[in-house]
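# Coordinate analysis (summary)
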Amino acid sequence: MALSDDEVDQLHLGLRLMQERKELAAALFYPRLFAIAPDTRPLFSDDIVGQTEKTLFAFGAVVARIHELENEDSMSRDLARRHVAYGVKPAHYPQVGKAVLSILAEVLGDEYFTPEMETAWRKAYDEIARSMVKAAYGIEVENLADLDEPVLEAAQ
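The notes below deal with the structure included here. Not measured: the values here are computed from a predicted model.

### Here we look at the overall build of the protein chain
- The number of helices and strands found in the protein chain is 7 helices and 0 strands.
- For the protein chain, the N- to C-terminal ordering of α and β elements is α-α-α-α-α-α-α.
- Looking at the 156 residues of the protein chain, the share that counts as buried comes to 40%.
- In the protein chain, the share of contacts with a sequence separation of at least 24, taken over all contacts with a separation of at least 6, comes to 72%.
- Put simply, the protein chain shows about 8,400 Å² of open surface, and 52% of that area lies on carbon and sulfur atoms.

### Focus on the pattern of salt bridges
- Taken as a whole, this structure holds 7 salt bridges when the rule is applied.
- Of the charged contacts in the structure, one is a salt bridge between R16 and E20, with a shortest N-O distance of 2.9 Å. A residue pair is termed a helical-turn pair when its members lie 3 or 4 positions apart in one helix, as R16 and E20 do in helix α1 (residues 5-20) at 4 residues.
- A salt bridge links R32 to E106; its shortest N-O distance comes to 2.5 Å.

### With respect to the packing of aromatic side chains
- One pass over the full model with this rule turns up 4 aromatic pairs.
- Arranged with centres 4.8 Å apart and planes meeting at 85°, the rings of F29 and Y30 form a pair that is edge-to-face.
- The exposure class of F29 is buried, given its relative accessible area of 8%.
- The class for Y30 is buried, based on a relative accessible area of 2%.
- Ring centres 5.9 Å apart and planes at 40° place the aromatic pair Y30 and F34 in the tilted group.

### Focus on empty space enclosed by the protein
- Under the definition given, this model contains 2 cavities of 30 Å³ or more.
- Considered as a void within the structure, the largest cavity measures approximately 140 Å³ in volume.
- In terms of lining, the largest cavity is formed by 13 residues, of which the most central are M18, F29, T55, L56 and F59.
- Sorting the residues of the lining of the largest cavity by element identifies α1, α2 (22-36), α3 (48-64) and α5 (92-112) as the ones contributing at least two each.
- No other element matches α3, which puts 4 residues into the lining of the largest cavity.
- Considered class by class, the residues forming the lining of the largest cavity number 11 nonpolar, 2 polar and no charged.
- Approximately 50 Å³ is the volume attributed to the second largest cavity.

Reading the values: rules and limits
Residues numbered from 1 in each chain as written. Predicted model: local features only at pLDDT ≥ 70, side-chain atom pairs only at ≥ 80, totals over all residues. Heavy atoms only, no water. Helix = DSSP H or I, 4+ residues; strand = E, 2+ residues; numbered from the N terminus. Buried < 20%, exposed > 50% of the residue type's maximum accessible area, 1.4 Å probe, protein only. Contact = heavy atoms within 4.5 Å. Areas by Shrake-Rupley, 256 points an atom, 1.4 Å probe, with all protein chains shown as cover. Salt bridge = Lys/Arg side-chain N within 4 Å of Asp/Glu carboxyl O. Phe/Tyr/Trp six-rings, centres within 6.5 Å; stacked < 30°, edge-to-face > 60°. 1 Å grid on protein atoms, 1.4 Å probe; cavity = no way out; pocket = protein on both sides within 12 Å on 5 of 7 lines; lining within 4 Å. Points joined across faces, edges and corners; volume = space filled by probe spheres on them. Nonpolar A, V, L, I, M, F, W, Y, C, P; charged D, E, K, R; others polar.

These values are about where atoms sit, not about what they do.
Here it is, written out as structure tokens:
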């Protein structure tokens with residue numbers, strides 16, 4: 001993954017601001033995800049606030065080690081395998097990416113969610129998602145939008 005130092009700085013800033021506004025993020029993220037991908041709702045318990053805290057923690061851990069993902073970091077592999085056990089499918093990854101970018105834009109607003117920050121988050125999310133899909137399903141994909149059920153069926 002070729003993230004510049006400026007892009008990594010954008011990731012850290014976005015994450016810090018999201019953590020400062022985690023109540024708003026918690027109130028918005030999962031309802032947004034469930035609107036984008038209703039089939040994901042059964043994958044989660046009713047404790048959405050607790051789940052949001054876990055999600056923010058996971059994002060923080062991944063962003064803190066963003067440069068290590070190129071080395072097939074064990075944390076992202078383990079996270080990917082756990083997601084399979086939860087029922088996550090490859091097609092969910094682009095849907096979650098849409099929800100992440102949408103919530104970042106809404107929570108951070110135009111002042112902070114600049115085109116540069118959006119590009120950094122999109123690049124980072126796409127790389128992390130591709131890495132996780134490869135680790136979990138053995139599927140190598142260039143474009144997350146290509147992750148649909150026929151892709152999974154062809155890989156099996």
